[in-house]
Amino acid sequence: KYSVLVAGGGSTFTPGIVLMLLDNLDKFPIKELKFYDNDAARQETIGKACAVLIKERAPEVVFSYTTDPREAFSGVDFVMAHIRVGKYPMRELDEKIPLKYGVVGQETCGPGGIAYGMRSIGGVLELVDYMEKYSPNAWMLNYSNPAAIVAEATRSMRPNSKILNICDMPVGIEVRMAEILGLESRKEMTVKYYGLNHFGWYSDIRDQAGNDLMPKLKEHVAKYGYVVHKDIDSQHVEPSWNDTFAKAKDVFALDTNTLPNTYLKYYLFPDYVVEHSDKEYTRANEVMDGREKHVFGECRKIAEKGSSAGASLHIDEHASYIVDLARAIAYNTKERMLLIVPNQGSVSNFDPTAMVEIPCLVGNTGPEPMQIGKIPQFQLGLMNQQVAVEKLVVEAWMEKSYTKLWQAITLSKTVPSASVAKAILDDLIAANKDYWPEL
Ligand code: G6P
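Now for a quick tour of the structure. The shown structure was predicted, so the numbers you read here are calculated from the model rather than taken from an experiment.

A few words on the environment of Tyr263. Checked against the element boundaries, Tyr263 lands in the loop between strand S9 (259-260) and helix H10 (264-268). Under the relative-accessibility criterion, Tyr263 is labelled buried at 4%. Tyr263 sits 205 residues away from Ala58 along the chain, and the two C-alpha atoms are 38 Å apart. In this structure Tyr263 touches Gln106, Thr108, Cys109, Met169, His198 and Trp241, once residues within four positions along its chain are discounted.

The subject of this paragraph is the site of the ligand. Residues in contact with the ligand amount to 13 residues; listed here are only the nearest, Arg91, Asn145, Asp168, Arg283 and Arg291. The backbone of Met169 places a nitrogen or oxygen atom 3.5 Å from an oxygen atom of the ligand. Side-chain polar atom of Arg283 to an oxygen atom of the ligand: 2.6 Å apart, as the coordinates give it. A total of 390 Å² of accessible area belongs to the ligand in isolation, and the protein chains cover 94% of it. If one sorts the elements of the shell around the ligand by residue count, helix H12 (residues 283-305) sits on top with three residues. In the shell around the ligand, the residues fall into five nonpolar, three polar and five charged.

So, about the pairing of strand S2 (residues 30-36). Counting buried residues along S2, five of its seven residues qualify, which places the element largely inside the surrounding structure. Of the strand pairs in this sheet, strand S1 (residues 2-7) and S2 are connected by six bridges, and their pairing is parallel. Looking across to S2, one finds that Tyr2 is bridged to Ile30. The β-α-β motif built from S1, the intervening helix H1 (residues 14-23) and the parallel element S2 has right-handed crossover chirality. Sheet analysis places S2 next to strand S3 (residues 62-66), joined by five bridges and oriented parallel.

A few words now on the packing of aromatic side chains. This model, assessed by the stated rule, comprises 18 aromatic pairs. Measuring from centroid to centroid gives 4.8 Å for Phe35 and Phe63, while their planes differ by 80 degrees, and the two rings are edge-to-face. With Phe35 in strand S2 and Phe63 in strand S3, this residue pair connects regions lying 28 residues apart in the sequence. Like Phe35, the residue Phe63 is buried in the burial classification. Taking the centre distance of 5.9 Å and the plane angle of 85 degrees together, the rings of Phe199 and Trp201 count as edge-to-face. Classification of Phe199 as buried rests on a relative accessible area of 2%.

Time to look at unusual backbone geometry. Residues Asn145 and Pro146 are joined by a peptide bond in cis, for which omega reads -10 degrees. When you line up the elements, Pro146 lands in the loop between strand S5 (139-142) and helix H6 (147-157). Phi at Lys87 is positive, roughly 55 degrees, even though this residue is not glycine. Looking at the element boundaries, Lys87 is found in helix H4 (residues 87-100). When its relative accessible area of 30% is taken as the criterion, Lys87 is described as partly exposed.

All right, on to the nonpolar core then. The biggest cluster of nonpolar side chains holds 104 residues, and the ones touching the most others in it are Leu33, Ile205 and Leu259. Sorting elements by how many residues they give to this core places helix H13 (residues 320-331) first, with seven residues. The residues touching Ile205, leaving out its near neighbours within four places in the chain, are Met177, Met189, Thr190, Val191, Asn211, Asp212, Leu213, Met214, Leu217 and Leu259. Judged by nonpolar contacts, the second largest core, of 25 residues, contains Ile114, Ile121, Ala396 and Ile424.

Moving on: the side chain of Ser161. Note that Ser161 resides in the loop between H6 and strand S6 (163-165). Residue contacts for Ser161: discarding those within four places in its chain leaves Val128 and Glu132.

Here the focus is the side chain of Asn145. One can find Asn145 in the loop between S5 and H6. At 3.0 Å, the side chain of Asn145 and the backbone nitrogen of Ala147 are in polar contact. Ignoring any residue separated from it by four or fewer positions in sequence, one finds Asn145 in contact with Ile83, Glu107, Thr108, Tyr116, Ser120, Val150 and His198.

Inspection of the secondary structure puts Asp204 in strand S8 (residues 199-206). Every residue in contact with Asp204, bar those within four places of it in the chain, is listed here: Thr190, Val191, Lys192 and Met214. Polar contacts involving the side chain of Asp204 include one to the side chain of Arg206, which spans 2.9 Å.

What follows covers the pattern of salt bridges. A full pass over the atoms with the stated rule returns 27 salt bridges. Lys391 is the salt-bridge partner of Glu152, the closest N and O atoms lying 3.4 Å from each other. Remark: Lys391 occurs in helix H14 (residues 377-399) and Glu152 occurs in helix H6; sequence separation between them is 239 residues. For the pair shown, Glu152 and Lys391 are each scored as buried. Asp426 is the partner of Lys422 in a salt bridge, and the nearest nitrogen-oxygen pair spans 3.5 Å. Taken as a pair, Lys422 and Asp426 lie in helix H16 (residues 418-431) at a separation of four residues, close to a single helical turn. Overall, Asp426 belongs to the partly exposed group, its relative accessible area being 33%. Via salt bridges that share partners, Arg84, Arg91, Glu95 and Glu107 belong to a single interconnected network.

With that settled, consider the packing of H6 against H14. Direction vectors running N to C along H6 and H14 enclose 60 degrees, while the axes themselves pass 9 Å from each other. Between H6 and H14, the crossing angle belongs to the class labelled oblique. Relative to H14, H6 is oriented so that their crossing is right-handed. Along its contact with H6, which presents Ala148, Ile149, Glu152, Ala153, Arg155, Ser156 and Met157, the element H14 presents Glu390, Lys391, Val393, Val394, Trp397 and Met398.

Thresholds, definitions, all that
Residues numbered from 1 in each chain as written. Predicted model: local features only at pLDDT ≥ 70, side-chain atom pairs only at ≥ 80, totals over all residues. Heavy atoms only, no water. Helix = DSSP H or I, 4+ residues; strand = E, 2+ residues; numbered from the N terminus. Buried < 20%, exposed > 50% of the residue type's maximum accessible area, 1.4 Å probe, protein only. Contact = heavy atoms within 4.5 Å. Near = heavy atom within 4 Å. Polar contact = N/O pair within 3.5 Å; in protein donor to acceptor, adjacent residues only side chain to side chain. Areas by Shrake-Rupley, 256 points an atom, 1.4 Å probe, with all protein chains shown as cover. Nonpolar A, V, L, I, M, F, W, Y, C, P; charged D, E, K, R; others polar. Pairing = 2+ DSSP bridges. Right-handed = clockwise from strand over helix to strand, strands pointing away. Phe/Tyr/Trp six-rings, centres within 6.5 Å; stacked < 30°, edge-to-face > 60°. Core = buried A, V, L, I, M, F, W, Y, C linked by side-chain atoms within 4.5 Å. Salt bridge = Lys/Arg side-chain N within 4 Å of Asp/Glu carboxyl O. Axes fitted to C-alpha atoms, helices over the stretch in contact; angles between N-to-C directions. Parallel < 35°, antiparallel > 145°, perpendicular 65-115°, else oblique. Left-handed = near helix turned anticlockwise from the far one by under 90°.

Okay, here's the thing in structure tokens:
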């Protein structure tokens, strides 16, 4: 049985993940579950409620939460990391500052994602260092955002650390694909996929007998994008997400040989995205007024009553990919999963040092990336530009370089000119003074 630490104990996603872990104890047995956060108050609300959930469902699991790194990171086998440095008020600024200049305002894409990256790098490295100090044999399963920049930072500054970077968006899209195809589970599909995080394409999808599922999927995506007519994913059915799933249709039209990750809409149709954005009320506001209030409200009720009866906290079923990943390492299952790993020739005509999102077989020594081969010019051109953005952000953070960060924002496909990039950067610097290294 394993000892697991959730880093980001005060996250609104934590209760859903705990319920998911409890639901999967037969697949991935846990003897101890701990939370770590640097925000004691948020973590306490979530922690008190999770204590009740665990007592009700699996009283044998020893549970605790702490803000002390040594207590948290000692004696653990897996660290599941989902931190948000600066929390939602900073996400709000990441979104609103670019929008002020008519540029995409998004959590992980464009200047907002770059700003968030500059905040997250230090936070994630700190977690890696705590883990290596107090539990040198542990693995970190990291899904902290912005995953592309965080992954590049760990590749370049902690190359030998046992950290696996993974994102849930392909899982979310595949759940929809399975629904479109009338399959019971996304695991009936074998996918080929390549790209960067939040920036990739499916090139082949087959069923277990080897039949090509792309034609049927393409027919649907050409008409409806990834919109499915039954709500299958309780997390992502808000109007803003449905718009993203619908827009996949236009992204697909640009290259009908592949099926796109939905995030490409921000790079390929930034004008559309800005036109459809409310500069005063962004996704961060939706989440603060919606998910944040709901989850914290429910958690307070559960803690007060000492019971979860009647509470509406949902299992984050699609987060079960985290259990699959932990299992793959613990039991050497060699499960095929999409991870963010160093390219090292997998995409043969692309930078070997780039962090790419590709299928890997995962076992007890970590991921074995699959060979992708050559990719087409359109994707290659986009990826070269975007990977330069990600690498420049990490270099800017390490060297405290204003110029490199300006270059990074200028190179983002979401930004029209170097002067707009500079104006946005200067505002972001002021807003992030408590979080970024001084440039
Ligand atoms: C997806 C992405 C994550 C992102 C999240 C934002 O799950 O894969 O990288 O953080 O969406 O969702 P939200 O509901 O917070 O806008």
